[in-house]
Amino acid sequence: MELRQIEYFIAVAEELHFGRAAMRLQMTQPPLSQQILQLEKELGVLLFERSKRHVELTPAGKVFLQEVRHALNQLERAKAAAQRAQMGMLGRLVLGFVGSATFDILPNLVRVFQEQYPNVDLVLHEMPTPMQLEAFRRKDIDIGFVRTPVVDRHLSLLSVRQETCIVVVPKMHPLAQRSSVSMGDLRAERFILVEREVWPSWYDDILSKCRDAGFSPIIRQDVKEIQTVVGMVAAGLGISIVPSSTANIHARDVAYVNIEGNAPLADMSIAWRTDNNSVLVKQFLDIAVQLTT
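None of the values given here were measured: they were computed from a predicted structure.

### With respect to the overall build of the chain
Per the secondary structure count, the chain includes nine helices and 12 strands. Relative to the globule expectation of 19 Å for 293 residues, the C-alpha radius of gyration of the chain, 33 Å, shows a markedly less compact shape. The principal-axis extent of the C-alpha atoms belonging to the chain is close to 105 × 40 × 30 Å. Counting every position in the chain, which comprises 293 residues, the buried fraction comes to 45%. Pairs at least 24 apart in sequence give 72% of the contacts found in the chain among residues at least 6 apart. Roughly 15700 Å² of accessible area belongs to the chain as shown, and the carbon and sulfur atoms make up 51% of that amount. Here the chain carries 32 positive and 33 negative side-chain charges, and the mean point of each set is 4 Å from the other.

### Description of the nonpolar core
Counting 37 residues, the largest nonpolar core has Val167, Val169, Leu186, Phe191 and Ile241 as its most contacted members. At the level of secondary structure, the elements contributing two or more residues to this core comprise strand E6 (155–170), strand E8 (190–194), helix H7 (200–212), helix H8 (226–234), strand E10 (240–243) and strand E11 (254–259). Once you skip the residues sitting within four places of it in the chain, Leu186 turns out to touch Val167, Leu175, Val181, Phe191, Phe215, Ile239 and Ile241. Counting residues in each nonpolar core, the second largest holds 26 residues, with Ile105, Val160, Met268 and Ala288 among its members.

### Some remarks on the packing of helix H1 (residues 3–15) against helix H3 (residues 29–43)
Packing of H1 against H3 brings their axes to within 10 Å, and their N-to-C directions diverge by 110°. One element, H1, and the other, H3, form an angle in the roughly perpendicular class. Between H1 and H3, the contacting residues are Arg4, Gln5, Tyr8, Phe9 and Val12 on the first element and Leu32, Gln35, Ile36, Gln38, Leu39 and Glu42 on the second.

### Quick word on the side chain of Gln132
Within the secondary structure layout, Gln132 lies in helix H6 (residues 129–137). In terms of polar contacts, Gln132 uses its side chain to reach the backbone carbonyl oxygen of Phe145, at 2.8 Å. With residues near it in sequence (within four places) discarded, Gln132 still touches Gly96, Phe97, Val98, Met127, Ile141, Gly144, Phe145 and Val146.

### Here's the deal with the packing of aromatic side chains
Applying the stated criterion to the full structure yields seven aromatic pairs. When the ring of Phe9 is compared with that of Phe48, the centres are 5.5 Å apart and the planes differ by 50°; the resulting orientation is tilted. You can see Phe9 sitting in helix H1 and its partner Phe48 sitting in strand E1 (residues 48–50), a full 39 residues away along the chain. You'll find Phe9 and Phe48 in the same group, each marked buried. Ring centres of Phe18 and Phe48 lie 6.1 Å apart, and the angle between their planes is 65°; on these two criteria the pair is classed as edge-to-face. Taken together, the residues span a long stretch of sequence, with Phe18 in helix H2 (residues 18–24) and Phe48 in strand E1 at a distance of 30 residues. We note that Phe18, like Phe48, is buried. Taken together, Phe9, Phe18, Phe48 and Phe64 form an aromatic cluster joined through their ring pairs.

### Description of the pattern of salt bridges
Counting across every chain of the model gives 20 salt bridges. As a salt-bridge pair, Glu115 and Arg111 come within 3.1 Å of each other at their nearest N and O atoms. Of this pair, Glu115 and Arg111 both sit in helix H5 (residues 105–116), four residues apart, which is roughly one turn of that helix. Here Asp286 and Lys282 are joined by a salt bridge, their closest N and O atoms 3.0 Å apart. Highlighted residues: Asp286 and Lys282, both in helix H9 (residues 279–292), separated by four residues, approximately one helical turn. Here the salt bridges do not stand alone but share partners, grouping Glu14, Glu15, Arg20, Arg24 and Arg69 into one network.

### A few points about the packing of H5 against H9
One way to put it is that H5 packs onto H9 with a least axis distance of 10 Å and a crossing angle of 125°. Our classification of the angle between H5 and H9 gives oblique. Note on packing geometry: the crossing formed by H5 with H9 is right-handed. Judged by residue contacts, Ile105, Asn108, Leu109, Val112, Phe113 and Gln116 of H5 engage Leu280, Gln283, Phe284, Ile287, Ala288, Leu291 and Thr292 from H9. Residues of the contact of H5 with H9, tallied by class, amount to nine nonpolar, four polar and no charged.

Definitions and cut-offs
- Every residue gets a number counted from 1 within its own chain, in the order that chain's sequence is written.
- Reporting in this predicted model follows two pLDDT cut-offs: at least 70 for local features of residues, and 80 or more for side-chain atom pairs to be given and counted; totals over whole chains, interfaces and linings ignore these cut-offs and use all residues.
- The basis for the side-chain values is all heavy atoms of the structure; hydrogens and waters are excluded.
- Where helices and strands are cited, they refer to DSSP runs of H or I of at least four residues and of E of at least two residues respectively, numbered from the N terminus.
- Both definitions apply: the radius of gyration is a C-alpha atom measure, and the globule rule equals 2.2 Å times residues to the power 0.38.
- Note on classification: 1.4 Å probe, protein chains only; a residue is buried when its accessible area is under 20% of the maximum for its type, exposed when over 50%, partly exposed between these limits.
- We call two residues in contact when some of their heavy atoms are within 4.5 Å.
- Using a 1.4 Å probe, the Shrake-Rupley method yields the accessible areas, and only the shown protein chains count as cover for residues.
- Positive charge is attributed to Lys and Arg, negative charge to Asp and Glu, and no charge count is given to His or to the chain ends.
- Every charge is mapped to an atom, namely NZ of Lys, CZ of Arg, CG of Asp or CD of Glu.
- Grouping buried Ala, Val, Leu, Ile, Met, Phe, Trp, Tyr and Cys residues that are joined through side-chain atoms within 4.5 Å yields what is termed a nonpolar core.
- Axes, fitted as lines to C-alpha atoms, cover a helix only where it is in contact. Angles between the N-to-C directions of the axes lie from 0 to 180 degrees.
- Roughly parallel means an angle under 35 degrees; roughly antiparallel means over 145; roughly perpendicular covers 65 to 115; every other angle is labelled oblique.
- For the purposes of these results, a polar contact is taken to be a pair of N or O atoms within 3.5 Å, where, inside protein, one atom must be able to donate a hydrogen and its partner to accept one; residues adjacent in sequence count only when each atom of the pair is a side-chain atom.
- Ring pairs are drawn from Phe, Tyr and Trp, using the six-membered ring of Trp, whenever the two centres fall within 6.5 Å, and their geometry is named by plane angle: stacked under 30 degrees, edge-to-face over 60, tilted for the rest.
- Salt bridge, as used here, is a side-chain nitrogen of Lys or Arg placed within 4 Å of a carboxyl oxygen of Asp or Glu.
- Handedness of a helix crossing follows the sense of rotation of the near helix relative to the far helix, less than a right angle counterclockwise being left-handed and clockwise being right-handed.
- Put simply, Ala, Val, Leu, Ile, Met, Phe, Trp, Tyr, Cys and Pro go in the nonpolar bin, Asp, Glu, Lys and Arg in the charged bin, and everything else, Gly too, in the polar bin.

Structure follows, in structure tokens:
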């Protein structure tokens, strides 16, 4: 069964006259009659009652007309959906993100993208950078908010934020009253850090800055999320060094203090597979550039 046969059938069904239907289709009557006969043969049913002066749909023809009209409507909707998908107006975009991205850039970027592309299904998964790299290799995510540096020849990176780090201390800590501290002021403190396997470059940078200040930090606890770091500091278990955007977490029992001099840095980038030519990925990156430059 071909689409043109369906169109021929609908024309005859609506005109109830082969001659008028042929004129409407800009063809002669004999080929039209042959196509209808071929369609009836393929279906194994009689679609029209014919006489020299009269053409009428059979009960089977009436049911078939109703169903093919519905099918054509579905086909038009499928066509429109495919066109919207090609234009990036429809589809599914899967994002991975480190938890700290929610302190600053991610919420606004996602909000603007959803406002501009409301019919795109945006799926978000929180995961540390190493897990995102694995997810990219499995092609489980399309875009990632990662902590750099990242070395992977299959990925492209767009730097979106570089932050100077700050110190977070319990509210009642003596350093909480200071406007700034040096790295050397932290030599006697117990540190709570995001564990190295979650963010190796940053972990190493903190230890390096401590050594530059003449001491090795006392690490009381390694955890997986910056939110957990803040919670443990609030509980009085130690102090920490965190990206400045962490100050957007308004915990009652902590204070944030600037670091004088050569403070550790925290970089955030958006990553995507270099071979991913998705229109949706491009549109997301375009918005990211607009919001971060």
